[in-house]
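# Survey of secondary and tertiary structure
Given next are the chains, with one letter for each unit.
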Amino acid sequence: MRIAIGSDHGGYPLNEVIIRDLEKEGHTIIDFGTHDGTQPDDYPDYARKVGDAIQQGQADRGIIVCGSGVGAAVAANKVHGVRACLCHDAYSAHQGVEHDNMNVLCLGARNIGVELARELVKAFLGAKFSGEERHLRRLAKVDDIEARGA
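Residues numbered from 1 in each chain as written. Predicted model: local features only at pLDDT ≥ 70, side-chain atom pairs only at ≥ 80, totals over all residues. Heavy atoms only, no water.

Our focus in this paragraph is the side chain of Asp-21. Along the chain, Asp-21 falls in helix H1 (residues 12–24). For Asp-21, a relative accessible area of 17% corresponds to the buried category. Polar side-chain contacts of Asp-21 include one of 2.5 Å to the side chain of Arg-118. (Helix = DSSP H or I, 4+ residues; strand = E, 2+ residues; numbered from the N terminus. Buried < 20%, exposed > 50% of the residue type's maximum accessible area, 1.4 Å probe, protein only. Polar contact = N/O pair within 3.5 Å; in protein donor to acceptor, adjacent residues only side chain to side chain.)

On inspection of all chains with the given rule, the structure shows zero aromatic pairs. For the cation-ring pair, Arg-61 lies above Phe-124, with the distance from its terminal atom to the ring centre recorded as 5.1 Å. (Phe/Tyr/Trp six-rings, centres within 6.5 Å; stacked < 30°, edge-to-face > 60°. Lys NZ or Arg CZ within 6 Å of the ring centre and 35° of its normal.)

Strand order in the open sheet formed by five strands is E2-E1-E3-E5-E4, and the pairing between neighbours is parallel. On the outer flanks of this sheet lie strand E2 (28–31) and strand E4 (84–86), each paired with one strand and no other. Ignoring which end each strand starts from, the neighbouring axes of this sheet average 20° apart. Pairing of strand E1 (residues 2–7) with strand E3 (residues 61–66) involves five bridges; the strand directions are parallel. Across the sheet, residue Ala-4 finds its bridge partner in E3, namely Gly-62. Running at roughly 165° to E1, H1 makes contact with E1, E2, E3 and strand E5 (104–108) of the sheet. Sitting on the sheet, helix H2 (residues 43–55) is in contact with E1, E3 and E5, with an inclination near 175° to E3. (Pairing = 2+ DSSP bridges. Axes fitted to C-alpha atoms, helices over the stretch in contact; angles between N-to-C directions. Contact = heavy atoms within 4.5 Å.)

Before going further, it helps to spend a moment on the environment of Asn-103. Positionally, Asn-103 belongs in the loop between helix H4 (90–100) and E5. Accessibility expressed as a relative area gives 9% for Asn-103, which makes it buried. Sequence separation between Asn-103 and Ala-84 is 19 residues; the distance between their C-alpha atoms is 6.2 Å. For Asn-103, the residues in contact, after removing those within four places along its chain, are Ile-54, Asp-60, Arg-61, Gly-62, Gly-81, Val-82, Arg-83 and Phe-124. At a separation of 2.8 Å, a polar atom in the side chain of Asn-103 contacts the main-chain amide nitrogen of Arg-83.

Attention shifts here to the packing of H4 against helix H6 (residues 133–149). At a minimum axis distance of 9 Å, the contact between H4 and H6 shows a crossing angle of 85°. When the axes of H4 and H6 are compared, the pair comes out roughly perpendicular. For the pair H4 and H6, contact is made by Glu-98, His-99 and Asp-100 and by Arg-134, His-135 and Leu-139, respectively. In terms of residue class, the contact of H4 with H6 is made up of one nonpolar, two polar and three charged. (Parallel < 35°, antiparallel > 145°, perpendicular 65-115°, else oblique. Nonpolar A, V, L, I, M, F, W, Y, C, P; charged D, E, K, R; others polar.)

Don't take any of this as a statement about function, it's just geometry.
Structure below.
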């Protein structure tokens, strides 16, 4: 799977662990950085890069890590076609894909530990959108909200 990943300085250490894990599993990683966790930077820059990669079809899924994960989710959801969610539990990480066709997982490095992050990434990447009529109907309504806001 092609995975776009990015983090600000707050997410940097966890982001590096996730990248190593994903590479070991054979995923293709599009790494947007940051590559220096000692320099303050801004999560919207990385959310935009990951979101653009999803929007342009360069990546199948995206992962963004910042301090809390909240800012990353807010920013990523501004990119047309991105459905990003901050997750703290495995159920939400897979259910978000299965029911809501979530394509970007946001993580808060200051909120979760490495082992939970690994569990969330595994649940997110292992899930597939169900395509059930009720989920398609609901997503059409979400798309309508997005289109009206443009």
